[in-house]
Amino acid sequence: MSTVMQKIKDIEDEMARTQKNKATAHHLGLLKAKLAKLRRELLEPSTKGGGGAGEGFDVTKSGDARVGLVGFPSVGKSTLLNKLTGTFSEVASYEFTTLTCIPGVITYRGAKIQLLDLPGIIEGAKDGKGRGRQVISTARTCNCILIVLDAIKPITHKRLIEKELEGFGIRLNKEPPNLTFRKKEKGGINFTSTVPNTHLDLDTVKAICSEYKIHNADLTLRNDATADDLIDVIEGSRVYMPCIYAVNKIDQITLEELEILDRLPHYCPVSAHLEWNLDGLLDMVWEYLCLTRIYTKPKGMNPDYEDPVILSSKRRTVGDFCTRIHKDMLKQFKYALVWGSSAKHKPQRVGKEHELEDEDVVQIIKKV
């Protein structure tokens, strides 16, 4: 492990020494690819013996969505979890109080959202320090990350946490790069782009591909992608997820400082201890999770508004709705009646490809 760590440090030092310009782009691309490969070795623990995954880290996924609370020690993650869910996570004013992963569930707008209080991340977690690897591996399974920051401590903490998560292949508030990469049997590296390119050229692409022992591939760019984007696509293990920065302890800063914080994107100022703006934080979590509530309507009865079926906004067809209720339901599916904003008239008779909107009412008609 130490040799991998040493290699990572050497490459990072070399990257820091290298000037960034057109002439060095090819060399920097090669270094970034080597760095990504070494990080992957760190993330995949060796299979030889050794300890287990660490008590409290294999938390069973429950509810409709999962939100991970990530942050440095003693920024108020446990207090926030306690106030939001009523779960008891030990709270004290010294660092490293939480040592394992504490789950809690909150019901909000009919959806069950699981909150995970992850132990404090220390600088160097991506390189295997502390419980960093287990913390960040659990964070990868979440639907949304809530980075809890301390309003009194410097904003540099935000940068450090982002760097740790980026090192583990978690991309915050980003879309997957708009490029197509396809390996082939022969024909060398083909590089085409539909937009002007400022970061990548054929030499850099070839250097990165040769580091992964890929000598034949087609690459098509549809946006101005960087070397990092290409490495992300080749590695293929990247997770793209929304992230909210909850700035805690705002009761200890001035109004002017609070106004500055409020202008920043993806920020939500709160005070967990005094329960200030927790509703605003929950609203923001709901918005970032992009969940869709669908109400069921049994034949001849009123819709059930108490217990909605929760779907992701990316997969919200009538077919997805049926699968969510029961995996065999699609076999008996004949058609569905839909009331709500996705229906052109009330009710509209639809097939399983129809896309549902938030708070639609659906009645499934089965084959006889």
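Thresholds applied
- Residues numbered from 1 in each chain as written.
- Predicted model: local features only at pLDDT ≥ 70, side-chain atom pairs only at ≥ 80, totals over all residues.
- Heavy atoms only, no water.
- pLDDT = per-residue confidence, 0-100.
- Contact = heavy atoms within 4.5 Å.
- Salt bridge = Lys/Arg side-chain N within 4 Å of Asp/Glu carboxyl O.
- Helix = DSSP H or I, 4+ residues; strand = E, 2+ residues; numbered from the N terminus.
- Buried < 20%, exposed > 50% of the residue type's maximum accessible area, 1.4 Å probe, protein only.
- Axes fitted to C-alpha atoms, helices over the stretch in contact; angles between N-to-C directions.
- Parallel < 35°, antiparallel > 145°, perpendicular 65-115°, else oblique.
- Nonpolar A, V, L, I, M, F, W, Y, C, P; charged D, E, K, R; others polar.
- Patch = residues over 30% accessible without salt bridge, like charges linked within 9 Å, V, L, I, M, F, W, Y side chains within 5 Å.
- Areas by Shrake-Rupley, 256 points an atom, 1.4 Å probe, with all protein chains shown as cover.
- Lys, Arg positive; Asp, Glu negative; His and termini not counted.
- Charge placed at Lys NZ, Arg CZ, Asp CG, Glu CD.
- Pairing = 2+ DSSP bridges.
- Right-handed = clockwise from strand over helix to strand, strands pointing away.

- By the naming in an unreviewed UniProt entry, the protein chain is OBG-type G domain-containing protein, taken from Daucus carota subsp. sativus.

**A few points about the confidence of the model for the protein chain**
Turning to step 1, where the next piece is worked out: Per-residue confidence for the protein chain averages 81 on the pLDDT scale, and 87% of its residues sit at or above 70.
Turning to step 2, where the next piece is worked out: Below a pLDDT of 50 lies the segment residues 46-56, which in the model reaches 9 contacts outside its immediate sequence neighbourhood of four places, other chains included.

**Looking at the pattern of salt bridges**
Turning to step 1, where the next piece is worked out: Counted according to the given criterion, the structure contains 21 salt bridges.
Turning to step 2, where the next piece is worked out: In this structure, Lys37 engages Glu211 in a salt bridge whose closest nitrogen and oxygen atoms are separated by 3.4 Å. A residue pair is termed long-range when its members are at least 10 positions apart, and Lys37 in helix α2 (residues 25-43) and Glu211 in helix α6 (residues 202-211) qualify at 174 residues.
Turning to step 3, where the next piece is worked out: On the basis of relative accessible area, Glu211 is assigned to the buried category, the value being 17%.
Turning to step 4, where the next piece is worked out: Salt-bridge contacts for Asp150 lead to Lys249; the nearest nitrogen and oxygen are separated by 3.2 Å. Of this pair, Asp150 sits in strand β4 (residues 144-150) while Lys249 sits in the loop between β10 (243-248) and α8 (255-263), and the two are 99 residues apart along the sequence.

**Here we look at the packing of helix α3 (residues 77-85) against helix α9 (residues 278-289)**
Turning to step 1, where the next piece is worked out: One way to put it is that α3 packs onto α9 with a least axis distance of 11 Å and a crossing angle of 90°. Judged by the inter-axis angle, α3 sits roughly perpendicular to α9. Facing Leu80, Lys83 and Leu84 of α3, the residues of α9 in contact are Leu278, Leu281 and Leu282.
Turning to step 2, where the next piece is worked out: A breakdown of the residues in the contact of α3 with α9 according to their chemical character gives 5 nonpolar, no polar and 1 charged.

**Some words on the side chain of Thr292**
Turning to step 1, where the next piece is worked out: Among the structural elements, Thr292 can be located in strand β12 (residues 291-296).
Turning to step 2, where the next piece is worked out: Classification of Thr292 as buried rests on a relative accessible area of 4%.
Turning to step 3, where the next piece is worked out: Other than its neighbours up to four places away in sequence, Thr292 contacts Val309, Ile310, Leu311, Ser312, Ser313, Arg316, Leu356, Glu357 and Asp358.

**Quick word on a negative patch on the surface**
Turning to step 1, where the next piece is worked out: A cluster of like negative charges, contributed by Glu256, Glu257, Glu259 and Asp262, occupies part of the molecular surface.
Turning to step 2, where the next piece is worked out: Note on placement: Glu256 falls in helix α8.

**Thoughts on the sheet that holds strand β2 (residues 102-108)**
Each strand in a sheet pairs with its neighbour through backbone hydrogen bonds, running either in the same direction (parallel) or in the opposite one (antiparallel).
Turning to step 1, where the next piece is worked out: Reading across from one edge, β2-β3-β1-β4-β10-β11 is the order of the 6 strands in this open sheet, with mixed pairing throughout. Looking at the sheet topology across the chains shown, the edges are occupied by β2 and β11 (267-269). When the angles between neighbouring strand axes are averaged without regard to direction, this sheet yields 25°.
Turning to step 2, where the next piece is worked out: Summarising the sheet, strand β1 (residues 65-70) and β4 pair through 4 bridges and their orientation is parallel. By the bridge assignment, Val70 is partnered in β4 with Ile147.
Turning to step 3, where the next piece is worked out: Of the strands in this sheet, β1, β4, β10 and β11 touch helix α5 (residues 156-167), which is tilted by about 150° from β4.

**Observations regarding the pairing of strand β7 (residues 189-193)**
Turning to step 1, where the next piece is worked out: Bridge count between β7 and strand β8 (residues 217-221): 5 bridges; the pairing is parallel. Paired with Ile189 across the two strands is Ala217, which belongs to β8.
Turning to step 2, where the next piece is worked out: In this fold, the crossover linking β7 to β8 by way of α6 has left-handed handedness.

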